[in-house]
Amino acid sequence: MIPRPSIRPLAITGAAVALTIAGTTAIPSAQGNAPYVIGAVLSESGEGANFGQPSADAIRRLVEYTNSHGGVKGHKIELKLQDDGGNTQQARAAFSQLADDKNVVGIIGSSASPASLAIAPVADEKKIVDLTLASSPRLSNPPRPYVFQFPVPTALRAKALFDEMKRRKVAKIAVFVSIDDYGQVSQKILEDGAKAAGIAIADTERFNPAAPNVDSEITRAKGAGVDAFIVFSQDPGSALVAKAMVNQGVTTPAYADSPAVNEGFLRAAGASSSRWIIVTTNIDVADLVPKNDPSYKPIHTLMGLYPAKGPKPNHFSGTGADAYGVLIAALAKAGPDRVKIRDTIETMKGFAGTTGTYNFSPQVHQGVGAEGLKLVSGAVVTGRGLTWKLVR
Amino acid sequence: MESFVQYLVNGLAVGGVYSLIAIGYVVVFRVVRIVNIAQGDLLAAATLVFLWLMNAQAGLPAAIAGAVITALIASLFVERIAVTAGTAYDELRAFLLTLAASQLIQGAMLLLFGTQYLTMPASSPPIIVVGNIHVNGIYLLVTALVIVALIGLVLFLERTPVGWAMLATADDPLAARLCAVPIRRMGILAFAIAALVAGIGGAAYGAVAIGSWNAGTTLSTAGFAAAVLGGMTSPSRAAIGGFILGILQALVSGYMASYLQDPLTFVFLVVVLLLPAVARGLRRRRPRRAAAVAA
């Protein structure tokens, strides 16, 4: 068992401010006012459950938190959360249903890109904000009037890794991407990124992250004689690659996208995790975030909502929390008017979230940049076993 | 050549796990005539419990026992809803009920373990290096385990009275019942045996792969393909089918492309299944054509 870094349960005082920014005046008694209804369409089961479940969990905890702290301007928050099962049709139907409910002021979702791409046109048509947690660049480039995007773009995460490769004089790499929308979009982004960084791709492996192992893919990539591997895959793709590398005695350094940051990966990779460099956001390395970082407070407020023992929030929880925070902040400022909420989000600047600081504008609907990104590596620390170490 | 041997080794352990799933399919199918599509989910559930116990430092024997007990509970649950609630004689309905059971087991695993995947506690596996070929010692152990489980099963079926009763039920339920064989209990026993192999398979899979709540679907399909390759009747042939499939997938990943692994596996399966029919068809058609020409 890998000992978890202990996270001191923080006093939750003043946390409402951190999550809903200044402007929210909490009135102690919220009983008299009709609740503000917010919608969410997330993949709590099915293909996107790995993303959807942590986000949904975080949003539920935050709604409870907001309500126990007086709600928004004296109105309790009511959450209507629908599971789309990772299915695009279901996501679209659930979104339309929520949008047709006149009480719903804005909708968070969906978790994965295919479902979010199915939702986006409906949001514009029905004129209700959609705060998407998926990272496909097609969701906000060009910006759609009612769609706002929360994860750090894949291209920026890839760039952070390529920059590190350049510092380490990597010239030739093998690319591992999963055979799903995220993997396929990433493949193109990695090809462009490598080209821009002057790094040659000698081998590309498109693999199924649900496969029992990827030993043969590693056997082949090993033959290509590369300086590094790079993995952009859904869970547990990176863990599969790490295991296969250990099995075949491959000591080539490896780089990976954020899904790799979890305990399962550390266990699968063991001591070899020190050869991995993974790009992630602050929340996954919460105890390495300095107190003066804008994301410190939102991260630790969110963490305080989870039991001391048991699963902790991860970057998917964080993205969900940020979307919720932005929606609540807009609601506090604009009131329950769909169009005013949209306009408020579009001009929102300096919202401190768990992932970084969000700035929106009419041209930019993808609110957060690379400043909240961290590069981490596995490390064996005496007394704590395997844990994460900050690389940059 | 070196890579070829390496690919063979790579496919060994997973092939062994497919074999155990395939054996489960065959035992249940022969006795109660139901394709239990939840067989892979039994194994996936056992894998999760095994890994959870290993990570809680419960020790290997307790973890294996936990895996077997989990598979047993899940398997008897499938038996109850597929055979008892659906009628044993309506095979299509029973098949659909096993499909529902598969979803229920996956849902239960999602509730119990969440979306986090589990692996063995961090430790270096014993790697045997021969020239340029790397062999994970655990892969060899898993292969040996499958062979031992298979020999045990064959001995049980062919050398014990209970085994004979099971085979009799499989061959002719009516005649078996006339000979006072409790055929209902034989059905339950078949599910229990399927659970035992799934439990052992779960521990083996946990040792070489990654446990997750939804791993069952892939495993069920692969195990079913292996069972069909073996003709759906003989546990030993199903086991061979499993190894062939595991190694074939490793070769496809190695020589062609990883993403072709699943589709090509099924193309191969279709070819194997169609070959006898095509051959028979050709044989039958020729004389007819000759007759037509003569007329």
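Structure shown above.
Structural notes, computed from the coordinates. Source: prediction; values computed, not measured.

### Side note on the interface of chain B and chain A
No. 1: Each partner contributes residues to the interface: chain B has 39 residues there, and chain A has 37 residues.
No. 2: Considering each element in turn, the side of chain B that touches chain A owes the most residues, 5 residues, to helix H1 (residues 2–32) of chain B.
No. 3: Tallied by class, residues from the side of chain B that touches chain A come to 19 nonpolar, 19 polar and 1 charged.

### Remarks on unusual backbone geometry
No. 1: For the bond from A:Gly109 to A:Ser110, the omega torsion is -10 degrees, close enough to zero to count as cis.
No. 2: In this fold, A:Ser110 is placed in the loop between strand E3 (104–109) and helix H4 (113–126).
No. 3: Backbone geometry places A:Lys73, a non-glycine residue, at a positive phi of 50 degrees.
No. 4: Structurally, the position occupied by A:Lys73 is in the loop between helix H2 (49–68) and strand E2 (77–83).
No. 5: Of note in the backbone geometry, B:Ala180 takes a positive phi value of approximately 65 degrees without being a glycine.
No. 6: In this fold, B:Ala180 is placed in the loop between helix H7 (173–178) and helix H8 (183–208).

### Observations concerning the pairing of E3(A)
All names here are of chain A.
No. 1: Here E3 lies mainly inside the structure; 6 of its 6 residues are buried.
No. 2: As paired elements, strand E1 (residues 36–42) and E3 share 4 bridges and run parallel to each other. Residue Gly 39 lies in a different strand from E3, and its bridge partner there is Ile 107.
No. 3: On the question of chirality, the crossover connecting E3 to the parallel strand E4 (residues 130–132) by way of H4 is right-handed.

### Digging into the environment of A:Tyr146
All names here are of chain A.
No. 1: Inspection of the secondary structure assignment puts Tyr 146 in the loop between E4 and strand E5 (147–149).
No. 2: The spatial distance from the C-alpha of Tyr 146 to the C-alpha of Pro 121 is 8.9 Å, given a sequence separation of 25 residues.
No. 3: Non-local contacts of Tyr 146, meaning those with residues more than four positions away in its chain, are made with Ala 123, Asp 124, Lys 127, Ile 128, Val 129, Asp 130 and Arg 342.

Conventions used here
Residues numbered from 1 in each chain as written. Chains lettered and ligands numbered in written order. Predicted model: local features only at pLDDT ≥ 70, side-chain atom pairs only at ≥ 80, totals over all residues. Contact = placed C-beta atoms within 7 Å. Helix = DSSP H or I, 4+ residues; strand = E, 2+ residues; numbered from the N terminus. Nonpolar A, V, L, I, M, F, W, Y, C, P; charged D, E, K, R; others polar. Buried ≥ 20, exposed ≤ 12 C-beta atoms within 10 Å, placed from the backbone. Pairing = 2+ DSSP bridges. Right-handed = clockwise from strand over helix to strand, strands pointing away.

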